[in-house]
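# Structure at a glance
Residue strings, one per chain:
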Amino acid sequence: RLRTYAGAVGRRLGLEEREIAVLELAASLSQLGRIFLPDWLLARPGPWSSEETRMMRARFRDGLEVVRALGLQPAVVDLMAQMHERHDGTGHPQGLRGEEIGLPARVLAAVEAFCALTGAQGTLGMSPGQALYDLARNSGRFDVRVISALAAVVAAESQSARAAASEGTGADAQGGQVAAEAAA
């Protein structure tokens, strides 16, 4: 899901296919640091304490070291190194802001947040509309252009699901309707 959304948003923003391939690979590997974290922390609802935040950031660095050790192309490693930077400079590890952060990393940051808010691993279980609203409300942390592109991708996905539901019958129609309602 993260990979699919990242690629679609990248295309919508006009990234070249080479950049999209790097973005999709980075998206596939982006959760690698989670293997170093205890399950209780990953499942914990609400904001983390300062100690838990420190643990999360340390595991991010561990995951990045694994990616470096794999010998992947430098563009993938660089993108992953920037994925936790925030548009307003409050991210890590370097505290980059705005255009200092590569566009693919800004895409990955927003899409990762969206998937965390709406997905099975997300403890908040928000609808796509609620998650987009939350991301837009926190627009200082995320690139507004990226959030707009993500909203357009989600809207197109919802429209596709609704069209498929109206054309289908039986279980396929029900599955499409469920997807359409979830995206609404």
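Above this text you will find the structure in question.
Now for a description of the structure that goes with this document. No experiment lies behind these values; they were computed from the predicted model shown. (Residues numbered from 1 in each chain as written. Predicted model: local features only at pLDDT ≥ 70, side-chain atom pairs only at ≥ 80, totals over all residues. Heavy atoms only, no water.)

This part covers the nonpolar core. With 41 residues, the main nonpolar core has V111, F114 and L150 as its most contacted residues. Of all elements in the fold, only α1 (2-12), α2 (17-29), α4 (50-69), α5 (74-82), α6 (103-118), α7 (128-137) and α8 (144-167) reach the threshold of two or more residues within this core. Ranked by residues supplied to this core, first place goes to α6 with 10 residues. If we skip the residues at most four places from it in the chain, F114 touches R1, Y5, P128, A131, L132, L135, L150 and V154. (Core = buried A, V, L, I, M, F, W, Y, C linked by side-chain atoms within 4.5 Å. Buried < 20%, exposed > 50% of the residue type's maximum accessible area, 1.4 Å probe, protein only. Helix = DSSP H or I, 4+ residues; strand = E, 2+ residues; numbered from the N terminus. Contact = heavy atoms within 4.5 Å.)

Right, let's talk about the side chain of D134 for a bit. For D134, the location among the structural elements is in helix α7. At a separation of 2.3 Å, a polar atom in the side chain of D134 contacts the side chain of R137. Those residues in contact with D134, other than ones at most four positions away along the chain, are L117 and M126. (Polar contact = N/O pair within 3.5 Å; in protein donor to acceptor, adjacent residues only side chain to side chain.)

The subject of this paragraph is α8. Over its 24 residues, α8 extends 35 Å from the first C-alpha to the last, a length consistent with the 34 Å expected when each residue adds 1.5 Å. Along α8, the residues classified as buried are V146, I147, A149, L150, V153, V154, S158, A161 and A165. Regarding α8, its N-cap is D143, as a side-chain oxygen of that residue lies 2.8 Å from the backbone nitrogen of R145 further along. (Expected span 1.5 Å × (residues − 1).)

In this model, α2 (13 residues) spans 18 Å end to end at C-alpha, consistent with the 18 Å of a helix rising 1.5 Å per residue. Those residues of α2 lying buried are I20, V22, L23, E24, A26, A27 and L29. Structurally, α2 contributes buried residues whose contacts are with α1, α5 and α6.

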